[in-house]
Amino acid sequence: MNLDYIVREPEHISPITPILFMLHGYGSNEQDLFSFRESLPADWIIVSFRAPKATQFEGYSWFDIDFNNPEQFIDIDQAKEVLESILANIMAITNKYGLTKNKTHLCGFSQGGILCYSLALKYPELFNYVACLSAYPEEKLLTDIVKDKKKLENLRFFVSHGSDDAIIPMEWGRKAADLLYDLSCYFTFREYMSGHGVNQKNYIDLMEFFSK
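Residues numbered from 1 in each chain as written. Predicted model: local features only at pLDDT ≥ 70, side-chain atom pairs only at ≥ 80, totals over all residues. Heavy atoms only, no water.

Draft legend 1. Inspection of the sheet that holds strand β6 (residues 104-109) at higher detail. As summarised here, the arrangement of the seven strands in space is β1-β3-β2-β6-β7-β8-β9, forming an open sheet in which the pairing is mixed. With partners counted over all chains shown, the strands left at the sheet margins are β1 (5-8) and β9 (186-192), one partner each. Within this sheet the neighbouring strands show an average axis-to-axis angle of 15 degrees, counted without direction. Here strand β2 (residues 19-23) runs beside strand β3 (residues 45-49); their pairing, made up of five bridges, is parallel. (Pairing = 2+ DSSP bridges. Helix = DSSP H or I, 4+ residues; strand = E, 2+ residues; numbered from the N terminus. Axes fitted to C-alpha atoms, helices over the stretch in contact; angles between N-to-C directions.)

Draft legend 2. Unusual backbone geometry, seen in detail. At Glu58, a residue that is not glycine, the phi angle is positive and equals roughly 60 degrees. Using a relative accessible area of 69% as the deciding quantity, one classes Glu58 as exposed. Even without being a glycine, Ser110 presents a positive backbone phi close to 55 degrees. Position of Ser110 relative to the elements: it lies in the loop between β6 and α3 (111-122). (Buried < 20%, exposed > 50% of the residue type's maximum accessible area, 1.4 Å probe, protein only.)

Draft legend 3. Here's a closer look at the pattern of salt bridges. In total, this model carries nine salt bridges according to the counting rule given. Arg50 is the salt-bridge partner of Asp4, the closest N and O atoms lying 3.5 Å from each other. Here the residue Asp4 occupies a position in the segment before β1, and Arg50 occupies one in the loop between β3 and β4 (53-54), the gap between them amounting to 46 residues. Residue Asp4 is classed as partly exposed on the basis of its relative accessible area of 45%. Accessibility expressed as a relative area gives 23% for Arg50, which makes it partly exposed. (Salt bridge = Lys/Arg side-chain N within 4 Å of Asp/Glu carboxyl O.)

Draft legend 4. Just the pairing of β6, in detail. Along β6, six of the six residues are buried, which leaves the element largely enclosed by surrounding structure. Every second residue of β6 is oriented toward a common face, with Thr104, Leu106 and Gly108 on one face and His105, Cys107 and Phe109 on the other, all of them buried. Relative to β6, β2 runs parallel, the two being bridged by five bridges. Each bridged residue has a counterpart across the sheet, and for Leu20 the counterpart in β6 is His105.

Draft legend 5. Quick look at the environment of Lys101. Here Lys101 is to be found in the loop between α2 (76-96) and β6. Take Lys101: its relative accessible area is 67%, and that puts it in the exposed class. Through-space distance from the C-alpha of Lys101 to that of Pro15 is 5.5 Å; in sequence the pair is 86 residues apart. Not counting residues up to four positions away in its chain, the partners in contact with Lys101 are Pro15 and Ile16. (Contact = heavy atoms within 4.5 Å.)

Structure follows, in structure tokens:
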């Protein structure tokens, strides 16, 4: 499945040009995280995907969510299927630009963040900086992750969560710190006085992470 996306290209592109792939949250669209582009490094390619499933109010989702059932919060089969599609699209776009010696980064909010955990930990050799915002690591999508410290050492995670998040509880988000610590991954975990979103301090810290 080819995913729709929007892109910001730098003036010059070479095999070492960094690329950042963005995955929005439930009910949003590709324009959401793409608004961050003005603060991101000018020499990066920025790609923001649109999720394939239409929702209300011109939004989209990566997979269905059941807000009334925490045990079956996400549709695992849909999530696994869309993970394969995202990976295939990432590889196709990377090849299109002739990126062979570059760094590839991920940024996901909520649903998109859940998918970023899975992508990065299943295929750590493909990615470098990974930002997971207002999300959590879904155990049912992490059954076959890489646990070899040597293969995980190039990953750098930025994890943020709002203390008043009413969609994905803070304690779910904190699971990331335990998981990444157990895997000996490099990570920063930040909590903010906010709801299910990115406040100004969170945004500034995120941009600092990507600028390193």
